[in-house]
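Here is how the chains run, residue by residue.
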Amino acid sequence: MTSLKADNRDGLTKSEINRLRSSGKVPGVVYGKKVGAVNITVDAKELLMLLRSNAHAVVEMDIPESGKQPVMVHDVQRDPISRTLLHIDFHQINMDEPVRTSVSLEFTGDSKGEKEGGMLQIQLHEVDIRCLPAHIPSSIAVDVTELELGDTITVSQLVAPAGVEIKSHADDVIVTVLAPQKEELQPEAEETETKSVKTADASV
């Protein structure tokens, strides 16, 4: 389980919070039955590593006055232009109670359809699941090897790990192999054909 240390930020003014951001900290809040609502800051580099590796993972957070508690990322706010982290919300969880979250899909293999000139089109990169926190997988595999031209894989065809219930709609298409598009008539050829028709009309 990934660990993350949180510092208290109660009583800070807006300018002080901006200075914290400039120093490499991200303000946030932890909500939960055991902790209530705690205003915190976390290290920006550690947070980015977490979000890039597995944003849906369970994190052991050392929370001021509450000690180490299991938490999960609930909401992330970024600057719309620079994408800099502005604020983050964590939800303190109970390891004995199921949680609903999302998990990434990992696509493996080279489809038969691609070898015939088709194009693999991925429509879903993650699905919703429900399970105990300890059972949350890092990803769910999707093998596309047997896909031929026009074939698809839907959510209902996924094989979830033991103890994991997939909550996304069963008919949602995850990936498909598009048939190669027919080549359109070249402009020069079209122009020549048009001229020929006009010449023929003029001679009538």
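Residues numbered from 1 in each chain as written. Predicted model: local features only at pLDDT ≥ 70, side-chain atom pairs only at ≥ 80, totals over all residues. Heavy atoms only, no water.

Enquirer: Go over the pattern of salt bridges with me, naming the residues and quoting the values.
Expert: For the coordinates displayed, the defined rule picks out 5 salt bridges. One salt bridge connects Lys5 with Asp7, and the closest N-O pair in it is separated by 2.9 Å. What makes Asp7 partly exposed here is its relative accessible area of 28%. Residue Lys25 is joined to Asp7 by a salt bridge in which the shortest nitrogen-to-oxygen separation is 3.7 Å. One end of the pair, Lys25, is in strand S2 (residues 25–32); the other, Asp7, is in strand S1 (residues 2–8), and 18 residues separate them in sequence. Its relative accessible area of 23% is what places Lys25 among the partly exposed residues. Through salt bridges that share partners, Lys5, Asp7 and Lys25 make up one connected network. (Salt bridge = Lys/Arg side-chain N within 4 Å of Asp/Glu carboxyl O. Buried < 20%, exposed > 50% of the residue type's maximum accessible area, 1.4 Å probe, protein only. Helix = DSSP H or I, 4+ residues; strand = E, 2+ residues; numbered from the N terminus.)

Enquirer: I'd like a description of the pairing of strand S5 (residues 67–78), backed by residues and values.
Expert: As paired strands, strand S4 (residues 59–63) and S5 are joined by 5 bridges and run antiparallel to one another. What sits directly across from Ile63, in S5, is Gly67. In this antiparallel pair of consecutive strands, S4 and S5, the connection spans 3 residues, and Glu65 shows a positive phi of 70°. As paired elements, S5 and strand S6 (residues 85–92) share 7 bridges and run antiparallel to each other. Bridging from a neighbouring strand, Asp75 pairs with Asp89 of S6. Counting the residues between successive antiparallel strands, the hairpin from S5 to S6 contains 6 residues, one of them, Arg83, with a positive phi of roughly 65°. (Pairing = 2+ DSSP bridges.)

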